[in-house]
Amino acid sequence: MAVPDVERLEASVRSILDHGTPMMLVRGRSSDLVSEEGARAFRVRFPAVEFVDVFGAGHMVAGERDDGFTAAVGGFHDRHR
């Protein structure tokens, strides 16, 4: 598996946030791709990004726990309309 281009990711996130666009990271708590430590580091680097850790889901949160994903995205939408 390729290592993500962290600098490009950081520039993209900063650009989105600088434009005032809200952002949320949805992680499956059992994800084998986005570790708890990785999510924590992302949240420290980008404190304005909302975060949800969905219990009972791996990397494919929407497919594995659509109820948790829908609740997270619906709440995010309601807060930012």
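Residues numbered from 1 in each chain as written. Predicted model: local features only at pLDDT ≥ 70, side-chain atom pairs only at ≥ 80, totals over all residues. Heavy atoms only, no water.

Asker: What am I meant to see in the side chain of Ser31 here?
Answerer: Relative to the helices and strands, Ser31 resides in the loop between strand 1 (24-28) and helix 2 (36-45). On the basis of relative accessible area, Ser31 is assigned to the buried category, the value being 11%. Within the structure, the side chain of Ser31 is placed 3.1 Å from the backbone nitrogen of Leu33, a separation counted as a polar contact. Within the structure, Ser31 has its side chain in polar contact with the backbone nitrogen of Val34 (distance 2.9 Å). Dropping the residues within four chain positions of it, Ser31 is found in contact with Ala57, Gly58 and His59. (Helix = DSSP H or I, 4+ residues; strand = E, 2+ residues; numbered from the N terminus. Buried < 20%, exposed > 50% of the residue type's maximum accessible area, 1.4 Å probe, protein only. Polar contact = N/O pair within 3.5 Å; in protein donor to acceptor, adjacent residues only side chain to side chain. Contact = heavy atoms within 4.5 Å.)

Asker: Explain the packing of aromatic side chains to me, please; I cannot follow it from the model alone.
Answerer: Each pair of aromatic rings is reported with the distance of its centres and the angle of its planes. In the structure shown here, the tally under the stated rule is 1 aromatic pair. Ring geometry for Phe42 and Phe46: centres 4.9 Å apart, planes at 55°, overall tilted. Of the residues examined, Phe42 reaches a relative accessible area of 16% and is grouped as buried. (Phe/Tyr/Trp six-rings, centres within 6.5 Å; stacked < 30°, edge-to-face > 60°.)

Asker: Can you help me understand the nonpolar core in this one?
Answerer: In globular proteins that are soluble, nonpolar side chains generally tend to be buried together. Core analysis: the biggest nonpolar cluster contains 7 residues, these being Val13, Met23, Leu25, Ala39, Phe42, Phe46 and Val49. Not counting residues within four places of it along the chain, the set of residues in contact with Val13 comprises Met23, Phe42, Phe46 and Val49. (Core = buried A, V, L, I, M, F, W, Y, C linked by side-chain atoms within 4.5 Å.)

Asker: Before we go on, may I ask you to explain the pattern of salt bridges in this structure?
Answerer: For the coordinates displayed, the defined rule picks out 8 salt bridges. The salt bridge partner of Arg65 is Asp67, with a shortest N-O separation of 2.8 Å. Residue Arg65 is classed as partly exposed on the basis of its relative accessible area of 26%. Among the ionic contacts, a cluster of salt bridges with common partners joins Glu10, Arg14 and Arg45. (Salt bridge = Lys/Arg side-chain N within 4 Å of Asp/Glu carboxyl O.)

Asker: I tried to follow the pairing of strand 1 on my own but got confused; where do I start?
Answerer: Regular strands place their side chains on alternate faces of the sheet. Within strand 1, 4 of the 5 residues are buried, which leaves the element mostly enclosed by the surrounding structure. Note that strand 1 and strand 2 (residues 50-54) share 5 bridges and pair parallel. When the sheet's bridge partners are listed, Gly28 is paired in strand 2 with Val54. For the crossover that starts at strand 1, traverses helix 2 and ends in the parallel strand 2, the hand is right-handed. (Pairing = 2+ DSSP bridges. Right-handed = clockwise from strand over helix to strand, strands pointing away.)

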